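Here's the letter readout for the chains.
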Amino acid sequence: MEPQPAISDEQVQVEDIEIRLLLEAIYQLYGYDFRSYSPASMRRRIMHRLTMSGFSTVLEMTDRVLRDRQFFVVLLNDLTVNVTEMFRDPEFYKAFREEVVPVLKTFPFIKIWHAGCSTGEEIYSMAILLEEEGLYERAMLYATDIDKNVLAAAKKGIYPIHAFKQYTDNYRRAGGRQSLSDYATARYDSVIMEQRLKRNIVFADHDLATDQVFGEMHVILCRNVLIYFDRPLQQRVFKLFGESLDMGGFLCLGTKESLRFSGNEESFDVVNRPLRIFRKRQMRPNA
Amino acid sequence: MPGAAPVKAVVMGASWGGLNAYSSVLASLPEGFPAAIMLVQHQNASTENRLAWLLARYSRLPVVAPEDKERIRPGHVYVAPPGYHMLVDVDETIALSMYRAVHFSRPSIDELFFSAGHVYGKGVIGVILTGANEDGSEGLDYIRRRGGLTLAQSPQSSEAPAMPEAAITKGSVREVLDLERIGPYLAEFLIGLRDEKTEHPGRR
Ligand SMILES: C[S@@+](CC[C@H](N)C(=O)[O-])C[C@H]1O[C@@H](n2cnc3c(N)ncnc32)[C@H](O)[C@@H]1O
């Protein structure tokens with residue numbers, strides 16, 4: 001096999017420009033704004049799609065995106081990264097039970113926002129946890145995502161049965177009190193989440209990059225979404241969360257995400273650092 | 001190599017046998033090693049980054065279990081967290097991602113290598129160590145095409161030879177070295193370069 005030729009800095013620069021043009025085209029035509037996403041991660045996903053679909057340049061792919069909505073939907077699926085699972089990071093849910101739930105029990109009403117909920121596994125995990133803690137009745141769960149396709153799947157709450165083995169294991173390690181199968185019905189090779197878990201869940205599309213505050217939440221979960229954003233966009237989102245949270249409300253991030261770079265660290269107390277649970281400071285009277 | 005771009009990072013990948021190979025390489029790197037080291041080991045997802053703990057015992061350089069957006073600093077060792085791809089971003093920070101597994105692996109070596117080749121160009125060294133699949137050979141070839149130096153552990157010194165063999169067959173590898181030579185080679189190569197620069201300031 002002939003060795004492939006060298007790739008110069010100029011070639012890479014041209015490719016970077018093509019990527020920016022693609023993201024601009026997507027924004028102008030379809031309204032999805034990926035222009036402030038982490039460039040490294042965007043580039044890898046775009047290049048993956050390019051190779052899979054057999055385009056030779058990003059420009060060629062952009063041409064297709066501009067003319068073919070079906071193709072855009074395929075690309076969108078690559079760009080949003082929807083990987084998720086039930087009780088992902090079981091230790092987090094365990095800590096949530098032990099450190100957040102006791103506080104929530106003192107509230108008459110609980111509003112929880114799942115920002116970037118993907119296909120819904122995270123919401124049903126929380127619904128189950130609240131049910132077991134006797135809190136579901138007074139809770140409202142707001143499940144939002146930028147991607148309408150995943151929201152539709154989240155609403156359905158139907159998952160492949162092969163994933164359930166892992167979920168069952170996660171559930172147990174998360175401190176689950178029953179059996180995960182108590183909350184779902186198996187049908188052929190799928191598992192359907194119980195209808196009763198959905199009664200206090202509201203699904204809505206919401207873009208963290210462009211949309212506004214979602215008011216007076218007691219808890220915000222935004223796990224494994226911010227890693228896809230660049231720092232300025234992260235800062236915008238942290239500001240949005242700060243404004244959407246009630247005083248003393250909780251913010252839960254993915255285990256590799258940090259408030260350190262948010263420019264807003266001082267507004268939060270640390271509840272559990274390794275599992276990324278923070279709490280918005282109570283306003284103190286001026287000393 | 002006068003006139004060469006300074007090497008800013010060494011990126012490494014391994015799967016089967018990786019813990020041994022990494023502890024051997026890291027043990028032979030001196031304090032003050034002038035480049036960042038980033039490594040990927042295939043492993044199952046978990047909240048903890050235990051490999052970073054384990055490797056810290058063998059390394060004179062600080063070993064970091066990185067967070068997203070963390071700045072990449074010379075002389076530090078960054079261990080990809082289980083369950084996430086670790087990438088180099090354009091502002092020389094770490095970008096973590098949960099994009100689909102590559103060669104059934106997350107973290108994947110290819111993901112790290114492609115991003116490092118993109119950002120650093122000639123200023124990166126790619127190293128493929130022992131392992132049982134083909135992850136890394138595409139990414140290593142990209143590093144080669146971008147002008148970076150590419151190394152592989154010799155198959156006969158590898159617990160699992162498939163990974164270095166795949167890279168060698170692809171033609172991505174410039175030097176094949178036995179395991180115990182890799183650390184010393186990197187140290188000589190990088191610190192040699194640095195001495196040359198300080199001895200002849202202003203010379204190209
Ligand atoms: C990796 S999933 C995380 C799912 C879940 N929170 C978890 O941790 O398992 C990331 C989700 O963020 C969503 N997302 C990406 N950009 C977004 C934005 N600007 N606004 C809202 N959601 C976004 C994606 O569509 C995707 O469903």
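All values reported here derive from a predicted model rather than from experimental measurement.

Caption draft 1: Structural view of the environment of B:Glu31. Residues and elements named next belong to chain B. Structurally, the position occupied by glutamate 31 is in the loop between helix H1 (18-27) and strand S2 (36-41). Owing to a relative accessible area of 64%, glutamate 31 belongs among the exposed residues under this scheme. Taking the C-alpha atoms as reference points, glutamate 31 and valine 127, 96 residues apart in sequence, are found 20 Å from one another. Those residues within four positions of glutamate 31 in sequence are excluded, and the remaining contacts are Arg60 and Leu61.

Caption draft 2: Region of interest: the packing of aromatic side chains. All names here are of chain A. The final tally for this structure, using the stated rule, is 18 aromatic pairs over all chains. Each ring, one from phenylalanine 92 and one from phenylalanine 96, has its centre 6.0 Å from the other, and the planes form 55 degrees; the classification is tilted. Linking phenylalanine 92 with phenylalanine 96, this pair stays in helix H5 (residues 90-104), spanning 4 residues, or about one helical turn. Of the two residues examined, phenylalanine 92 and phenylalanine 96, each falls in the buried class. The structure contains a cluster of three or more aromatic residues connected by ring pairs, namely Tyr30, Tyr32, Phe34, Tyr37, Phe72 and Phe229.

Caption draft 3: A look at the nonpolar core. All names here are of chain A. By size, the foremost hydrophobic cluster in this structure holds 77 residues, and its most contacted members are Ile26, Phe34, Trp113, Leu208 and Leu251. Lining this core are residues from two domains, each supplying at least three of them: domain 1 (9-79) and domain 2 (90-280). Among residues more than four places away in sequence, those in contact with leucine 208 are Trp113, Ala115, Cys222, Val225, Phe229, Arg236, Val237, Leu240 and Phe241.

Caption draft 4: The arrangement of helix H3 (residues 109-120) of chain B in detail. All names here are of chain B. The end-to-end C-alpha distance of H3 is 16 Å, a good match for the 16 Å that 12 residues give at a rise of 1.5 Å each. Among the 12 residues of H3, 11 are classified as buried, and the element is accordingly described as predominantly covered. Capping the start of H3 is the job of one residue whose side-chain oxygen sits 3.2 Å from the backbone nitrogen of aspartate 110: serine 108. Glycine 121 sits one or two residues past H3 and shows a positive phi near 55 degrees.

Caption draft 5: Here's a closer look at the side chain of A:His48. Within the secondary structure layout, A:His48 lies in helix H2 (residues 39-53). Once residues lying within four places of it in the same chain are set aside, the contact partners of A:His48 are A:Asp78, B:Tyr99 and B:Arg100.

Caption draft 6: Highlighting the side chain of B:Ser154. All names here are of chain B. Inspection of the secondary structure assignment puts serine 154 in the loop between strand S8 (149-153) and helix H5 (162-170). Its relative accessible area of 2% is what places serine 154 among the buried residues. Among residues more than four places away in sequence, those in contact with serine 154 are Val176, Leu177 and Asp178.

Caption draft 7: Region of interest: the sheet that holds S8(B). Residue and element names in this part refer to chain B. Across the sheet, which stays open at both edges, the 7 strands sit in the order S3-S4-S2-S1-S7-S8-S9 with parallel pairing between neighbours. At either end of the open sheet lies a strand with only one pairing partner, and these are strand S3 (63-64) and strand S9 (175-177). Sitting on the sheet, H3 touches strand S1 (9-14), S2 and strand S7 (124-128), and the angle it makes with S1 is about 165 degrees. Contacting S1, S7 and S8, helix H4 (residues 137-145) crosses the sheet at an angle of about 150 degrees to S7.

Caption draft 8: Representation of the site of the ligand in the model. Residues and elements named next belong to chain A. Near the ligand lie 21 residues; those nearest to it are Tyr37, Thr84, Arg88, Glu122 and Asp145. Residue glycine 116 places a main-chain N or O atom 3.0 Å away from a nitrogen atom belonging to the ligand. Within the contact set of the ligand, a nitrogen atom lies 2.8 Å away from a side-chain nitrogen or oxygen of glutamate 122. Contact with the protein chains covers 99% of the free accessible surface of the ligand, which is 600 Å². Split by residue class, the shell around the ligand holds 8 nonpolar, 7 polar and 6 charged.

Caption draft 9: Representation of the pattern of salt bridges. Evaluation of the coordinates by the stated rule reveals 28 salt bridges over all chains. Among the salt bridges present, the one from B:Arg146 reaches A:Asp9, with a minimum N-O distance of 2.9 Å. Taken together, the residues span two chains, with B:Arg146 in the loop between H4 and S8 and A:Asp9 in helix H1 (residues 9-30). Looking at A:Asp9, the relative accessible area reads 49%, which means it is partly exposed. Two residues, A:Glu131 and A:Arg196, come together in a salt bridge whose shortest N-O distance is 2.5 Å.

Caption draft 10: Looking closely at the packing of H3(B) against H4(B). Residue and element names in this part refer to chain B. Remark: H3 packs on H4, axes separated minimally by 7 Å, with the N-to-C direction vectors making an angle of 10 degrees. One way to sum up the angle between H3 and H4 is to call them roughly parallel. When H3 is examined against H4, the residues Asp110, Phe113, Phe114, Gly117 and His118 are found in contact with a partner set consisting of Ser137, Glu138, Gly139, Leu140, Tyr142 and Ile143. In the contact of H3 with H4, the residues fall into 5 nonpolar, 4 polar and 2 charged.

Caption draft 11: View of unusual backbone geometry. With an omega dihedral of 10 degrees, the bond running from B:Arg106 to B:Pro107 counts as a cis peptide bond. Turning to its location among the elements, B:Pro107 is positioned in the loop between strand S6 (94-97) and H3. Unlike most non-glycine residues, A:Val81 shows phi in positive territory, near 55 degrees. The buried category is assigned to A:Val81, whose relative accessible area is 11%. Despite not being glycine, B:His103 has its phi angle at roughly 50 degrees, a positive value.

Caption draft 12: Focus on the interface of chain B and chain A. Across the boundary between the two partners, chain B contributes 30 residues, which contact 39 residues of chain A. Where chain B abuts chain A, roughly 3100 Å² becomes buried across the two surfaces, and 51% of that area is made up of carbon and sulfur atoms. The largest per-residue losses of area from chain B upon contact with chain A belong to B:Thr47, B:Lys69 and B:Arg145, which jointly make up 23% of the total buried on that side. Counting across the interface, chain B meets chain A through 6 salt bridges. Note that B:Glu111 and A:Arg44 form a salt bridge whose closest N and O atoms lie 3.2 Å from each other. Counting the contacts that link chain B with chain A gives 27 residue pairs in polar contact (both at pLDDT 80 or more). Of all elements in the fold, only strand S5 (85-88), S6, H3 and H4 of chain B reach the threshold of two or more residues within the side of chain B that touches chain A.

The rules we used
Residues numbered from 1 in each chain as written. Chains lettered and ligands numbered in written order. Predicted model: local features only at pLDDT ≥ 70, side-chain atom pairs only at ≥ 80, totals over all residues. Heavy atoms only, no water. Helix = DSSP H or I, 4+ residues; strand = E, 2+ residues; numbered from the N terminus. Buried < 20%, exposed > 50% of the residue type's maximum accessible area, 1.4 Å probe, protein only. Contact = heavy atoms within 4.5 Å. Phe/Tyr/Trp six-rings, centres within 6.5 Å; stacked < 30°, edge-to-face > 60°. Core = buried A, V, L, I, M, F, W, Y, C linked by side-chain atoms within 4.5 Å. Domains from an automatic or database assignment. Expected span 1.5 Å × (residues − 1). Polar contact = N/O pair within 3.5 Å; in protein donor to acceptor, adjacent residues only side chain to side chain. Pairing = 2+ DSSP bridges. Axes fitted to C-alpha atoms, helices over the stretch in contact; angles between N-to-C directions. Near = heavy atom within 4 Å. Areas by Shrake-Rupley, 256 points an atom, 1.4 Å probe, with all protein chains shown as cover. Nonpolar A, V, L, I, M, F, W, Y, C, P; charged D, E, K, R; others polar. Salt bridge = Lys/Arg side-chain N within 4 Å of Asp/Glu carboxyl O. Parallel < 35°, antiparallel > 145°, perpendicular 65-115°, else oblique. Buried area = accessible area lost by both parts, 1.4 Å probe.

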